[in-house]
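# Breakdown of the fold
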Amino acid sequence: MRTALLLTVALLCAVPLSVSAQLVKENRQQKFPRQLPAGNYSGITPLGNDRYAVVNDKSADGFFVFRIDIDTITGRITSVANEGFRSSGQRNRDQEGIAYRPLSQTLFISGEADNEVLEYTLDGQRTGRRIAGPELFGRLQRNAGLEALCYDETDGRFYTVSECPAEGDSLLRLVALDDEGHLLHRYAYQPDAVKPKRRGLLLNGVSELCALGDGRLLVLERTIRVPRWKIGSYADCRIYEVRPSAEDHLEKRLVARFRSRVNLLRRNFANYEGMCVARRLDDGRMILLLMADSQNQYRGVLRDWLKTLVIR
């Protein structure tokens, strides 16, 4: 009997218990209150040399540039510096996603207010070019429109998707565009079903996309529940891997899942809306960098959290 028990334990230890345990090393989230101004940060994209462009969905039209140094052994963030805001001089368009295209040395930003993807120079000015508009997605719900955006430099493709399905639809429509903004493919993506509650706030949907450069995309889904009295609020984040192909429907596979909350003992609530590949560890694994929207550090409780995960 004892031999059988030991064998069972050994087998359990030998078999990966989850995709997360097999593929991901999760680092604890970090905050840098002296270096990062309070914001409503959403999309993030690497510019090279440890610099990142970041959009704030409540600021004027444009983006911040932050320098973020990451340890190449642990994947932990070691320092952050704010290099300032680059403004287009135009009014806010609820900037949500941002992607850098190295060949043209320009940035592309998706806006939830107009459901368009516009091009910007590195000093923040609009070029006048648009690569995507609301006609690609149908009738999107208010404040649940064009959210996520990324660029795959390897195959020269942009990927974008709305936060929630269009009116009358049950699926998200993730689209692939070429460098000129021509539609290459429209994929059906099934977001997780979430059971509603009678009271309190519930937000659910896709907040970010990230291209890994090897045919894989990561999709960040998050569910936020805020009870009437705020205590017990939590943000549940799931990162899925998909492989766009000739098929119309995307099959997703869970890569990582983590939760943050506000209760009597913990105040680490983080609504992650930005995600990108930062760099690689010395052993070749990728460092995934995530950035949270604190709603301008809401009531002194929320923080502008950063988080890293190491993936294969």
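Per-chain numbering applies: the sequence of each chain, read as written, is numbered from 1 onward. For a predicted model such as this one, the threshold for reporting local features is a pLDDT of at least 70, and the threshold for listing and counting side-chain atom pairs is 80 or more; totals across whole chains, interfaces and linings nevertheless cover every residue. Here the side-chain values reflect all heavy atoms present in the structure, with hydrogen atoms and water set aside.

What follows deals with the overall build of the chain. Per the convention used, a helix needs a DSSP run of H or I reaching at least four residues, while a strand needs a run of E reaching at least two, with both numbered from the N terminus. On a plain count of helices and strands, the chain comes out with two helices and 20 strands. Taking 20 Å as the expected radius of gyration for a compact globule of 312 residues, we find that the chain reaches 20 Å, a close match to that expectation. For the chain, the C-alpha atoms occupy an extent of roughly 75 × 50 × 45 Å along the three principal directions. When a residue's accessible area, from a 1.4 Å probe over protein chains only, is under 20% of the maximum for its type it is buried; when over 50% it is exposed; and in between it is partly exposed. The burial tally for the chain puts 52% of its 312 residues in the buried class. Any two residues whose heavy atoms approach within 4.5 Å are treated as being in contact. Of the contacts formed within the chain by residues at least 6 apart in sequence, a portion of 53% connects residues at least 24 apart. Throughout, the Shrake-Rupley method with a 1.4 Å probe supplies accessible areas, and for residues the shown protein chains are the sole cover considered. Accessible surface, the chain: about 15300 Å² in total, of which carbon and sulfur atoms supply 50%. Considering the chain, the positive charge centre built from 46 side chains and the negative charge centre built from 39 side chains are found 10 Å apart. As a reference, a globule follows 2.2 Å times the number of residues to the power 0.38, and the radius of gyration itself is taken over C-alpha atoms. Neither His nor the chain termini are counted; the positive set is Lys and Arg, and the negative set is Asp and Glu. We put the charge of a Lys on NZ, of an Arg on CZ, of an Asp on CG and of a Glu on CD.

Right, let's talk about the sheet that holds strand β7 (residues 106–111) for a bit. Taken together, the four strands give an open sheet; going across it, the order is β6-β7-β8-β9, and neighbouring strands pair in antiparallel fashion. Pairing within the sheet leaves two strands with one partner each, and these edge strands are β6 (95–101) and β9 (126–132). The average undirected angle you get between the axes of adjacent strands in this sheet is 25°. Sheet topology note: the strand β8 (residues 116–120)/β9 ladder contains three bridges and is antiparallel. Pairing of Val 117 across the sheet is with Ala 132, part of β9. A pair of strands is considered paired only if DSSP assigns at least 2 bridges between the two. Only the stretch in contact is used when fitting a helix axis, every axis being a line fitted to C-alpha atoms; angles between N-to-C directions are given from 0 to 180 degrees.

On to the packing of aromatic side chains, then. Two aromatic rings from Phe, Tyr or Trp, using only the six-membered ring of Trp, form a pair when their centres are within 6.5 Å; if the ring planes differ by under 30 degrees the pair is stacked, by over 60 it is edge-to-face, and anything between is tilted. Within the structure shown, the criterion is met by seven aromatic pairs. Measuring from centroid to centroid gives 5.5 Å for Phe 64 and Phe 66, while their planes differ by 25°, and the two rings are stacked. Neither Phe 64 nor Phe 66 differs from the other in exposure class; each is buried. Where Tyr 151 meets Phe 158, the ring centres are 4.6 Å apart and the plane angle is 45°; that geometry is what we call tilted.

Quick look at the pairing of strand β3 (residues 51–56) now. Counting buried positions along β3 yields five of six residues, so the element is predominantly enclosed. With five bridges joining them, strand β2 (residues 41–48) and β3 adopt antiparallel strand pairing. Bridging across to β3, Pro 46 finds its partner in Tyr 52. Pairing of β3 with strand β4 (residues 62–70) involves four bridges; the strand directions are antiparallel. What sits directly across from Tyr 52, in β4, is Phe 66. Here β3 folds back onto β4 in antiparallel fashion, the turn holding five residues.

With that settled, consider a nonpolar patch on the surface. What goes into a patch is any residue over 30% in relative accessible area without a salt bridge, connected to like charges within 9 Å or, for nonpolar side chains (Val, Leu, Ile, Met, Phe, Trp, Tyr), within 5 Å. By convention in these notes, a salt bridge is any Lys or Arg side-chain nitrogen within 4 Å of a carboxyl oxygen on Asp or Glu. On the surface, a nonpolar cluster with roughly 410 Å² of combined accessible area is contributed by Ile 231, Leu 264 and Leu 265. Along the polypeptide, Leu 264 turns up in the loop between β17 (253–262) and β18 (271–280). Leu 264 sits in the exposed class, given a relative accessible area of 78%.

Attention now moves to the environment of Leu 202. Mapped onto the fold, Leu 202 is located in strand β14 (residues 201–211). The class of Leu 202 is partly exposed, set by a relative accessible area of 31%. Remark: the alpha-carbon pair of Leu 202 and Pro 37, spanning 165 residues in sequence, is separated by 27 Å. Once you skip the residues sitting within four places of it in the chain, Leu 202 turns out to touch Val 194, Lys 195, Pro 196, Thr 223, Ile 224 and Arg 225.

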